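Understanding the architecture of this molecule
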Amino acid sequence: MTLSLTLAALWALVANVLAVLPSKDNHWRRAYALIAVGIPILGFVVYENGPWWGLGVLCAAMSVLRWPLIYLGRWLRSLGASTFRDKGN
């Protein structure tokens with residue numbers, strides 16, 4: 001196993017341990033930290049192992065951090081809806 005995949009597996013392990021621990025802010029600070037650490041690891045995985053492995057690691061990270069993605073999708077959808085409403089006038 002390459003160093004990048006080892007780091008990705010360690011990231012996933014830490015993410016799951018952090019998800020089990022109680023949090024006062026519904027884990028948002030931890031999610032931001034995991035995103036900040038995970039993006040460079042994802043780039044390292046793609047660089048070292050290719051885009052297919054990177055896509056697999058991206059899917060695994062998205063399953064762990066699904067609520068930030070859901071809120072991002074809602075926010076983008078609301079921006080798109082308001083943009084389309086403004087252009088109709």
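In this text, all values refer to a predicted model and were calculated from it rather than measured experimentally.

**Side note on a nonpolar patch on the surface**
Residues Trp-52, Leu-55, Leu-58, Met-62, Leu-69, Leu-72, Trp-75, Leu-76 and Leu-79 make up a contiguous nonpolar surface patch of roughly 900 Å² in combined accessible area. Elements with a contribution of two residues or more to the nonpolar patch: helix H3 (51-64) and helix H4 (66-87). A residue is classified by how much of its surface remains accessible, and Leu-76, at 46% relative accessible area, is partly exposed.

**Regarding the nonpolar core**
Leu-5, Ala-8, Trp-11, Ala-15, Ala-31, Leu-34, Ile-41, Val-45, Val-57, Ala-61 and Leu-65 together form the largest nonpolar core, which totals 11 residues. Put simply, the parts of the chain that give this core at least two residues each are helix H1 (3-20), helix H2 (28-49) and H3. Ignoring anything within four residues of it in the chain, the contact list for Val-57 reads Leu-5, Ala-8, Leu-42 and Val-45.

**Some remarks on the pattern of salt bridges**
Applying the stated criterion to the full structure yields one salt bridge. Put simply, Asp-25 and Arg-29 hold a salt bridge, and the shortest N to O gap is 2.9 Å. Under the relative-accessibility criterion, Asp-25 is labelled partly exposed at 22%. Residue classification places Arg-29 among the exposed positions, given a relative accessible area of 60%.

**Description of unusual backbone geometry**
The phi dihedral of Asn-26 falls on the positive side, at around 55 degrees, and the residue is not glycine. Relative to the assigned elements, Asn-26 resides in the loop between H1 and H2. You can call Asn-26 exposed: its relative accessible area is 59%. At His-27, a residue that is not glycine, the phi angle is positive and equals roughly 70 degrees. With respect to the element layout, His-27 can be found in the loop between H1 and H2.

**Here we look at the packing of aromatic side chains**
Overall, the coordinates contain three aromatic pairs when judged by the stated rule. Each ring, one from Trp-28 and one from Tyr-71, has its centre 5.5 Å from the other, and the planes form 50 degrees; the classification is tilted. Of this pair, Trp-28 sits in helix H2 while Tyr-71 sits in helix H4, and the two are 43 residues apart along the sequence. A residue is classified by how much of its surface remains accessible, and Trp-28, at 25% relative accessible area, is partly exposed. Judged by relative accessible area, which is 41%, Tyr-71 ranks as partly exposed. With 6.0 Å between their ring centres and 40 degrees between their planes, Trp-67 and Tyr-71 make a pair best called tilted. Taken together, the residues span about one helical turn, with Trp-67 and Tyr-71 both in helix H4 at a distance of four residues.

The rules behind these values
Residues numbered from 1 in each chain as written. Predicted model: local features only at pLDDT ≥ 70, side-chain atom pairs only at ≥ 80, totals over all residues. Heavy atoms only, no water. Patch = residues over 30% accessible without salt bridge, like charges linked within 9 Å, V, L, I, M, F, W, Y side chains within 5 Å. Areas by Shrake-Rupley, 256 points an atom, 1.4 Å probe, with all protein chains shown as cover. Salt bridge = Lys/Arg side-chain N within 4 Å of Asp/Glu carboxyl O. Helix = DSSP H or I, 4+ residues; strand = E, 2+ residues; numbered from the N terminus. Buried < 20%, exposed > 50% of the residue type's maximum accessible area, 1.4 Å probe, protein only. Core = buried A, V, L, I, M, F, W, Y, C linked by side-chain atoms within 4.5 Å. Contact = heavy atoms within 4.5 Å. Phe/Tyr/Trp six-rings, centres within 6.5 Å; stacked < 30°, edge-to-face > 60°.

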